[in-house]
2 protein chains.
Amino acid sequence: MRIGFIGLGVMGKPMAENLLKGGRALTVFNRSRPAVEALVSAGAHAAGSPREVAERCGVVVTMLPDSPDVRSVLCGPDGVLEGLSPGKVVVDMSSIAPTVSRELCALVEERGADMLDAPVSGGQEKAEKGTLAIMVGGREAVYERVRDVLDLMGRSLHVGVCGAGQVTKLVNQTIVAANIAAVAEGLAFARRAGADPERVFRAIRGGLAGSQCLEDKAPRMLEERYEPGFRVELHAKDLNNVLQTGRDLHVAMPLAAQVMEMMQNLMARGCGALDHGALGRYYELLNGVSLKP
Amino acid sequence: MRIGFIGLGVMGKPMAENLLKGGRALTVFNRSRPAVEALVSAGAHAAGSPREVAERCGVVVTMLPDSPDVRSVLCGPDGVLEGLSPGKVVVDMSSIAPTVSRELCALVEERGADMLDAPVSGGQEKAEKGTLAIMVGGREAVYERVRDVLDLMGRSLHVGVCGAGQVTKLVNQTIVAANIAAVAEGLAFARRAGADPERVFRAIRGGLAGSQCLEDKAPRMLEERYEPGFRVELHAKDLNNVLQTGRDLHVAMPLAAQVMEMMQNLMARGCGALDHGALGRYYELLNGVSLKP
């Protein structure tokens, strides 16, 4: 069964390459040409539109920036919906609003096809290594049918009905945002209160304050090392989906809302392309301290 | 060298018992009698006042609820200060405001004695097992002189000058508070947005959202199991010290301030004696959901 892949960006390109390496027949589509040419020279076929990808392939994977992009690629002229027929499966691996996922899922099902939302966690490096965490929402039987395709890109886990993958991703992004901000808030406090942030980090990492964010981001903050990594502006996009979903469903998200404002401030200062560990810089500016020794 | 121990509460009593088990000659003082009698029957001597403890012992350990208690035991009538003489060491293991620690340190040094602030992390169980994490502020040479005493109660780490131990503890409590609230915020969002919080927990624990708080508190929240553990009212006391220190030093602590308000709300609802994982209950009430399946 031929696999289609739409969206060959920083994440999508290595993911598609892993499908090729896994021996899958691949048809790709992307707005800009260079990524398409790289995939074609590695053995993929190029399609002229998302519709054509859907006509040729049994499984269509999309990996796009945000909700409007996925909606446009599926529902726009020459979109995926026009090329779908019963039995085909759309796997949207973009990180978008769960409400949009559910809306698109209904449209795909109207064509007799199936849709899974399968956003990923882990950056470019894990995309290249094929070790992403993939959170899958949708019908379990459909998941089982495409599981071997997902396995070529990472470790997948079925978490519930359509939209549940996106919800899981948003929970992940909420917790990560708050945990990074907490690390920054703590280290800036340490500096202002006359303790050495580096020793504080070593003293607390083994206890209940220990976290992946502390391990990954505290050393970055102490060295003011903010090359990405995962960019502030992408994390802010995810928090926007958290808060928009919260507004749609009436869920109060006080921490997500607060960290979103911190990220807005970073972006206003031109720091949007830095790693989200740059929340350390937000707190440096907020409290007039340097975390670096 | 005889060791003095003042404050035989839930934490202090097992800590003092570990000093006795370690073969140390121990003199104790406590306001209420039963804990004193338990220690005396295990081999300790009882003193009639904090002053008498300081007169008899080379090292005086204090383990008391909050800043006013430590100030009163040191500076009050028949207090520790009255019994100090050059060469003696006060080790305050209470969790109090760093500014108060520094003020008391100066008073102790006026008597020619030395003081360390050495707050602990880890609850009653770790106090009993002698496996607390001890964060020590003060002169390093003084720390080396009493290190073997601290070793009987846990693993100690020297983090800086006087007050730095308290600062480290407050950083720890800030990060833990925010991390627990983030777990609760994420799981409540999952429920409202139609995903199963338990599956979401399993899907994200291995990634960047992973933390000790997620591992310890998510299962409690999913089962609504809030027996302490570490009580909300004690964590709120620590956050009060964070925020008060922030006000003294002009450090903005937006996350600590926000979680403090959540804990106030829990206490207003009579949940102050529950484990701090009860932030899960705060979010259940906030968003009209149950985390329990």
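Residues numbered from 1 in each chain as written. Chains lettered and ligands numbered in written order. Predicted model: local features only at pLDDT ≥ 70, side-chain atom pairs only at ≥ 80, totals over all residues. Heavy atoms only, no water.

Undergrad: Help me out: how do you make sense of the overall build of chain A in this one?
TA: Assigned secondary structure in chain A consists of 14 helices and nine strands. A compact globule built from 293 residues should have a C-alpha radius of gyration of about 19 Å, and chain A, at 21 Å, falls within 12% of that. Overall, chain A is about 65 × 45 × 35 Å in size when its C-alpha atoms are taken along their principal axes. Between the averaged position of the 33 positive side-chain charges in chain A and that of its 34 negative side-chain charges there is a distance of 3 Å. (Helix = DSSP H or I, 4+ residues; strand = E, 2+ residues; numbered from the N terminus. Rg over C-alpha atoms; globule rule 2.2 N^0.38 Å. Lys, Arg positive; Asp, Glu negative; His and termini not counted. Charge placed at Lys NZ, Arg CZ, Asp CG, Glu CD.)

Undergrad: Hey, could you run me through the packing of aromatic side chains in this one?
TA: Given two aromatic rings, one states the distance between the centres and the angle between the planes to describe the pair. Inspection of every chain in the model, using the stated rule, returns two aromatic pairs over all chains. Ring geometry for Tyr 282 of chain A and Tyr 283 of chain A: centres 5.4 Å apart, planes at 85°, overall edge-to-face. (Phe/Tyr/Trp six-rings, centres within 6.5 Å; stacked < 30°, edge-to-face > 60°.)

Undergrad: Where do I start with helix H6 (residues 98-110) of chain B in this structure?
TA: Since the α-helix turns once every 3.6 residues, residues separated by three or four places project in the same direction. Residues and elements named next belong to chain B. With 13 residues, H6 ought to run about 18 Å at 1.5 Å a step, and its terminal C-alpha atoms sit 19 Å apart, in line with that. Turning to H6, its buried residues are Pro 98, Val 100, Ser 101, Leu 104, Cys 105 and Val 108. Down the axis, H6 shows its buried residues gathered within 145° of arc, on one side only. (Expected span 1.5 Å × (residues − 1). Buried < 20%, exposed > 50% of the residue type's maximum accessible area, 1.4 Å probe, protein only. Arc of directions from axis to C-beta.)

Undergrad: Looking at this model, I keep getting lost on the relation of the copies chain A and chain B. Mind explaining?
TA: The operation linking the two copies of the chain is a rotation about an axis combined with a translation along the axis. In screw terms, the move from chain A to chain B is a rotation of 180° and a rise of 0.0 Å along the axis, fitting with an RMSD of 0.0 Å. Classification of the inter-copy transformation places it as that of a two-fold axis. Taking C-alpha positions as reference, the residue of chain A nearest the rotation axis is Ser 211 of chain A, located at 1.9 Å. A shared binding surface is used by both copies, with 100% of the interface residues of chain A retained as interface residues in chain B. (Least-squares fit on C-alpha atoms with pLDDT ≥ 70 in both. Contact = heavy atoms within 4.5 Å.)

Undergrad: In this structure, what is going on with the interface of chain A and chain B? I would like to understand it.
TA: Size of an interface: often given as the accessible area lost when the parts come together. Contacts between the two partners involve 62 residues from chain A, matched on the other side by 62 residues from chain B. Of the roughly 5200 Å² buried between chain A and chain B, counting both surfaces, carbon and sulfur atoms make up 68%. It is Phe 189, Leu 208 and Leu 255 of chain A in chain A that bury the most area against chain B; as a group they hold 15% of the surface buried on that side. Joining chain A to chain B, the criterion identifies 16 residue pairs in polar contact (both at pLDDT 80 or more). Secondary-structure elements contributing two or more residues to the side of chain A that touches chain B are strand S9 (154-160), helix H9 (164-192), helix H10 (197-204), helix H11 (212-223), helix H12 (232-249), helix H13 (254-268) and helix H14 (279-287) of chain A. Of the residues forming the side of chain A that touches chain B, the biggest block, 19 residues, is contributed by H9 of chain A. Its residues assigned to classes, the side of chain A that touches chain B comprises 37 nonpolar, 18 polar and seven charged. (Buried area = accessible area lost by both parts, 1.4 Å probe. Polar contact = N/O pair within 3.5 Å; in protein donor to acceptor, adjacent residues only side chain to side chain. Nonpolar A, V, L, I, M, F, W, Y, C, P; charged D, E, K, R; others polar.)

Undergrad: Even after reading the chapter, I still don't get the environment of Arg 2 of chain A, so can you show me in this structure?
TA: Residue and element names in this part refer to chain A. In this structure, Arg 2 sits in the segment before strand S1 (3-6). For Arg 2, a relative accessible area of 23% gives the class partly exposed. Sequence spacing of Arg 2 and Arg 199 is 197 residues, and the spatial spacing of their C-alpha atoms is 54 Å. Excluding residues within four positions of it along the chain, Arg 2 makes contact with Ala 25, Leu 26, Thr 27, His 45, Arg 56, Cys 57, Gly 58 and Val 59. Reaching out from Arg 2, the side chain makes a polar contact with the side chain of His 45 at a distance of 3.4 Å.

Undergrad: Can you walk me through the domain arrangement of chain A in this structure?
TA: All names here are of chain A. The domains assigned to chain A are domain 1 (3-161) and domain 2 (167-287). The gap between the C-alpha centroids of domain 1 and domain 2 is 30 Å. Contacts between domain 1 and domain 2 engage 14 residues on the former and 10 residues on the latter. Buried area between domain 1 and domain 2, both sides added, is near 950 Å², and the carbon and sulfur share of it is 55%. At the junction of domain 1 with domain 2, the criterion picks out zero salt bridges. Taken together, the links from domain 1 to domain 2 amount to five residue pairs in polar contact (both at pLDDT 80 or more). The set of elements that each furnish at least two residues to the side of domain 1 that touches domain 2 consists of helix H6 (98-110) and strand S7 (120-121). A total of three residues in the side of domain 1 that touches domain 2 trace back to one element, the largest contributor, which is H6. (Domains from an automatic or database assignment. Salt bridge = Lys/Arg side-chain N within 4 Å of Asp/Glu carboxyl O.)

Undergrad: Any chance you could explain the pairing of strand S2 (residues 26-29) of chain B here in plain terms?
TA: The side chains of a regular strand alternate between both faces of the sheet. Residue and element names in this part refer to chain B. Alternating positions in S2 separate into two faces, Leu 26 and Val 28 on one and Thr 27 and Phe 29 on the other, with burial throughout. Of the pairings in the sheet, the one linking strand S1 (residues 3-6) to S2 comprises four bridges and is parallel in character. Residue pairing in the sheet places Ile 3 in a bridge with Leu 26 of S2. The parallel pair S1 and S2 is bridged by helix H1 (residues 12-21), and the resulting crossover is right-handed. Pairing of S2 with strand S3 (residues 45-46), which is carried by two bridges, proceeds in the parallel orientation. Residue pairing across strands places Val 28 opposite Ala 46, the latter belonging to S3. (Pairing = 2+ DSSP bridges. Right-handed = clockwise from strand over helix to strand, strands pointing away.)

Undergrad: How should H12 of chain A be read in this particular structure?
TA: Helix length check: H12 of chain A (18 residues) gives 25 Å between terminal C-alpha atoms against 26 Å at 1.5 Å per residue, within 8%. The inward-facing, buried residues of H12 of chain A abut helix H4 (67-75), H6, H9 and H13 of chain A together with helix H9 (164-192) of chain B. Backbone geometry just after H12 of chain A places His 250 of chain A at a positive phi near 60°.

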